[in-house]
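Structural features, examined
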Amino acid sequence: MTAAFTHDGAGTDAEQWRHHPSWGAVPELGLLNGEVRCTRLVVVAAHPDDESLGAGGLIATAAAAGLAVYVVLLTAGEASHPASPTMSRHALATRRLAEAERALGILAPEAPLVFLGASDGAVAGVEAEVTASLVDLIGDGRGTLLAAPWRHDGHTDHEAAGRAAAAAALRTGARLAEYPVWMWHRDRPDQAPWAQMRRVDLSPQVTQRKWLAIHAHATQVRPLSSQPEDGVMLSGRMLAHFNAPVEHFVTEAAPEDDALDELHRRELDPWGVDVRWYEERKRQLTLAALPRPRFSRGLEIGCSRGALAEQLADRCEELVAVDRSPTAVARARARLGDTPGVRVEERDVPREWPEGRFDLVVVSEIGYFLSPGSLDGLIERISRSLEPAGTVLLCHWRHPVKGWVLDGPDVHARFRESSLPPEMAHYQDRDVEISVLCPPTAWPDPTA
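Residues numbered from 1 in each chain as written. Predicted model: local features only at pLDDT ≥ 70, side-chain atom pairs only at ≥ 80, totals over all residues. Heavy atoms only, no water.

**Focus on the sheet that holds strand E8 (residues 295-301)**
Whenever strands of a sheet pair, they do so through backbone hydrogen bonds, lying parallel or antiparallel. Where we set the bar: Being paired, for any two strands, means DSSP has found at least two bridges between them. Helical segments are the DSSP runs of H or I of at least four residues, strand segments are the runs of E of at least two, and each set is numbered from the N terminus. Only the stretch in contact is used when fitting a helix axis, every axis being a line fitted to C-alpha atoms; angles between N-to-C directions are given from 0 to 180 degrees. Any two residues whose heavy atoms approach within 4.5 Å at even a single point are treated as in contact.
Reading across from one edge, E10-E9-E8-E11-E12-E14-E13 is the order of the seven strands in this open sheet, with mixed pairing throughout. Since the sheet does not close on itself, it has two edges, and those belong to strand E10 (342-346) and strand E13 (423-428), each with one partner. If you compare each strand with its neighbour and ignore which way they point, the axes differ by 15° on average. The pairing of E8 with strand E9 (residues 316-323) spans six bridges and is parallel. If you follow Gly 298 over to E9, its bridge partner there is Leu 319. The strands touched by helix H11 (residues 277-289) within the sheet are strand E12 (386-397), E13 and strand E14 (432-437), with E14 carrying the most contacts at an inclination of about 20°. Against the sheet, helix H13 (residues 326-336) touches E9 and E10, its axis set at about 165° to E10.

Here you go:
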């Protein structure tokens, strides 16, 4: 459990951090020389000033290197002085947004500031909406570095912003780097996740620009008035953590996105697969499209609670059904019970792939829940494990899928353009699209 957040405690002195042997000595983050060359930087800030404090040097360095830079501001920070006798929340929001514009103009003059308009202190309540907005902005995230507050920073808004960004990184394939802000004040050096951290070295010019950007947030570094409730939010002791020629980011914590598992936990039958005629009809269309009555070894990717797997089992000598949601896997196992030849596995495909080869692979209503890079990886995995006369069947919703990069037609188009067998059958109506890919020799002979 995260320690309670307080801004006005004594905190840990900056010099204690700088005497730790890992401070400034962790490996470089790498923008242009990392494993994946970055062409774009997207920085998420829960409040105006987060981006300047935690990633101001990264922003300025990236802009100077020619990367496209975007800063996404979730709230206006209107609750920083909740009891102010001199300034309303609206007036404070107006000032803080103007300060954010000035600060970004110092760091990266050409970079746009994207404001999402969440309420200060309530980002956790709109995490799904924030994730969807970030996905829309990022799109195909290969080549994008996504920087966001650390998921364990000690401030509820920072942590919610970090979780939303982590989900967006997983859905888009962006590289994720998380910047601590209040960790430096709250924790001790021996508590930091040094093994997971990377650094960005700042030139003297960038260090100066970052310091100027921080001080552009005047409502936070200076008192609003002489009244006690209008006091300074960022003390000199706190600011000392950020007056340095280096920034640190947490990069090795795996991105997380439990939206689909949460859906299964919240609802017994999220898509109504057992009660809606649409779902039953779609399964019958899927089964009717198969070119053979029986298959030796089938694989269903994204089996959810096992409704389609239950019927595929009658068409396969052996069936492996996989899903990355632990809740869905548990329900599929309960549904399928001791059905002969069926095995249900929790796997995060394409990274975790079942062993062996298959003469049938079914990808139904799951392709758009992958990032573009992961979908390409899925196609490659299928290609390597498909028997020479094997069949790939795709079935997807045709309408836009909010919060993810791809939709059904995108998924089918990528499969058609791959090195997999050609599309031998295609069905499409207003809502659903089905494609069957297999060698021509595997298609049934109408005269036989």
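**Examining the pattern of salt bridges**
Applicable threshold: We count a salt bridge whenever a side-chain nitrogen from Lys or Arg sits within 4 Å of a carboxyl oxygen from Asp or Glu. Relative accessibility thresholds used throughout: buried, under 20% of the residue-type maximum; exposed, over 50%; partly exposed, between the two (1.4 Å probe, protein chains only).
What the rule picks out here adds up to 41 salt bridges. Ionic pairing is found between Arg 335 and Glu 310, a salt bridge with its closest N-O pair at 3.1 Å. Placement of the pair is Arg 335 in helix H13 and Glu 310 in helix H12 (residues 307-312), with a sequence separation of 25 residues. Under the relative-accessibility criterion, Arg 335 is labelled partly exposed at 27%. One salt bridge in this structure joins Arg 351 and Asp 348, with 3.5 Å as the shortest N-O distance.

**Description of the side chain of Asp 49**
Note the cut-off: What qualifies as a polar contact is a pair of N or O atoms within 3.5 Å, subject to a donor-acceptor requirement within protein and to the restriction that residues adjacent in sequence count only when both atoms come from side chains.
Take Asp 49: it is sitting in the loop between strand E1 (40-45) and helix H2 (50-64). For Asp 49, a relative accessible area of 6% puts it in the buried group. Within the local environment of Asp 49, its side chain forms a polar contact with the side chain of Arg 96, the two groups lying 3.4 Å apart. The contact partners of Asp 49, leaving out residues within four places of it in the chain, are Arg 96, His 217, Gln 220 and Leu 234.

**Here we look at the side chain of Ser 304**
Tracing the chain through its elements places Ser 304 in the loop between E8 and H12. Here His 264 takes part through its side chain, which lies 2.9 Å from a polar atom of the side chain of Ser 304. Those residues in contact with Ser 304, other than ones at most four positions away along the chain, are His 264, Trp 271, Asp 323, Ala 328, Val 329 and Ala 332.

**Topic: the pairing of strand E2 (residues 68-75)**
The element E2 is largely enclosed, with a buried count of six among its eight residues. Examined bridge by bridge, E1 and E2 share six bridges and lie parallel to one another. Residue pairing across strands places Val 42 opposite Tyr 70, the latter belonging to E2. Pairing of E2 with strand E3 (residues 113-118), which is carried by four bridges, proceeds in the parallel orientation. Counted as the bridge partner of Val 71 is Leu 113 from E3.

**What about the packing of H2 against helix H7 (residues 204-215)?**
Using the following cut-off: Small angles under 35 degrees read as roughly parallel and large ones over 145 as roughly antiparallel, with 65 to 115 read as roughly perpendicular and the rest as oblique. Should the near helix be turned counterclockwise from the far one by less than a right angle, the crossing is left-handed, whereas a clockwise turn marks it as right-handed. Only Asp, Glu, Lys and Arg are considered charged in this grouping, and only Ala, Val, Leu, Ile, Met, Phe, Trp, Tyr, Cys and Pro are considered nonpolar; every other residue, Gly among them, is considered polar.
For the pair H2 and H7, the least separation of the axes is 9 Å and the interaxial angle reads 135°. It follows from the interaxial angle that H2 and H7 lie oblique. The element H2 and its partner H7 pack so that their crossing is right-handed. Residue-level inspection shows Ser 52, Leu 53, Gly 56, Gly 57, Ala 60 and Thr 61 of H2 in contact with H7, the latter providing Val 206, Arg 209, Lys 210, Ala 213 and Ile 214. Looking at the contact of H2 with H7 residue by residue, the classes come out as five nonpolar, four polar and two charged.

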